[in-house]
Amino acid sequence: MKQFDESTKHLEKALAISSDLKLQQSADDEDLTNLQHEIWRTDFEEFKTAEIKKESSFQVYLLLIVTFALAVTVILLLVKLNKIKKTPN
């Protein structure tokens, strides 16, 4: 009977350890899933940030081109007006 009681105690300890291991594994799996989601979110944010920077750069270059074109147009118009004023009628 003593061996049976000891065997029962060992079995209960083994079951408790098994249960603890399953709980720990579940917690580790949840932590791993959360970390993976964090990595995906960070990657997505970095991608969107790079996309916004690229778009902003394009807009700045476009604005510079438009400004340059407008300046050239104004200069040409001023030159044309000066020529018109200088020509006698």
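The structure this text deals with has already been given above.
Residues numbered from 1 in each chain as written. Predicted model: local features only at pLDDT ≥ 70, side-chain atom pairs only at ≥ 80, totals over all residues. Heavy atoms only, no water.

Engineer: I tried to follow the overall build of the protein on my own but got confused; where do I start?
Structural biologist: Regarding its fold elements, the protein presents 1 helix and 0 strands. A compact globule built from 89 residues should have a C-alpha radius of gyration of about 12 Å, whereas the protein, at 38 Å, is more than 25% larger. Along the three orthogonal principal directions, the C-alpha set of the protein runs to about 130 × 10 × 5 Å. When burial is assessed residue by residue, the protein has 0% of its 89 residues classed as buried. (Helix = DSSP H or I, 4+ residues; strand = E, 2+ residues; numbered from the N terminus. Rg over C-alpha atoms; globule rule 2.2 N^0.38 Å. Buried < 20%, exposed > 50% of the residue type's maximum accessible area, 1.4 Å probe, protein only.)

Engineer: Just checking my understanding: could you explain the pattern of salt bridges for this structure?
Structural biologist: Pairs can form between side chains of opposite charge once their charged atoms are near each other. The full count for this structure, using the stated rule, is 3 salt bridges. In this structure, the salt-bridge partner of Arg 41 is Glu 38, at a minimum N-O distance of 2.4 Å. Linking Arg 41 with Glu 38, this pair stays in helix 1 (residues 2–86), spanning 3 residues, or about one helical turn. With a shortest N-O distance of 3.0 Å, Lys 48 and Glu 51 are connected by a salt bridge. One end of the pair, Lys 48, and the other, Glu 51, are both in helix 1, 3 residues apart, so they sit about a helical turn from each other. A cluster of three or more residues bridged by salt bridges with shared partners is formed by Glu 38, Arg 41 and Glu 45. (Salt bridge = Lys/Arg side-chain N within 4 Å of Asp/Glu carboxyl O.)

Engineer: Please clarify how a negative patch on the surface should be interpreted in this entry.
Structural biologist: A surface patch of negative charge is lined by Asp 28, Asp 29, Glu 30 and Asp 31. If you trace the backbone, Glu 30 turns up in helix 1. (Patch = residues over 30% accessible without salt bridge, like charges linked within 9 Å, V, L, I, M, F, W, Y side chains within 5 Å. Areas by Shrake-Rupley, 256 points an atom, 1.4 Å probe, with all protein chains shown as cover. Lys, Arg positive; Asp, Glu negative; His and termini not counted. Charge placed at Lys NZ, Arg CZ, Asp CG, Glu CD.)

Engineer: Please clarify how a nonpolar patch on the surface should be interpreted in this entry.
Structural biologist: There is a patch of nonpolar side chains on the surface, built from Leu 70, Val 74, Leu 78, Leu 81 and Ile 84 and spanning about 470 Å² of accessible area. Within the secondary structure layout, Leu 81 lies in helix 1.

By themselves, these figures tell us nothing about what the structure is for.
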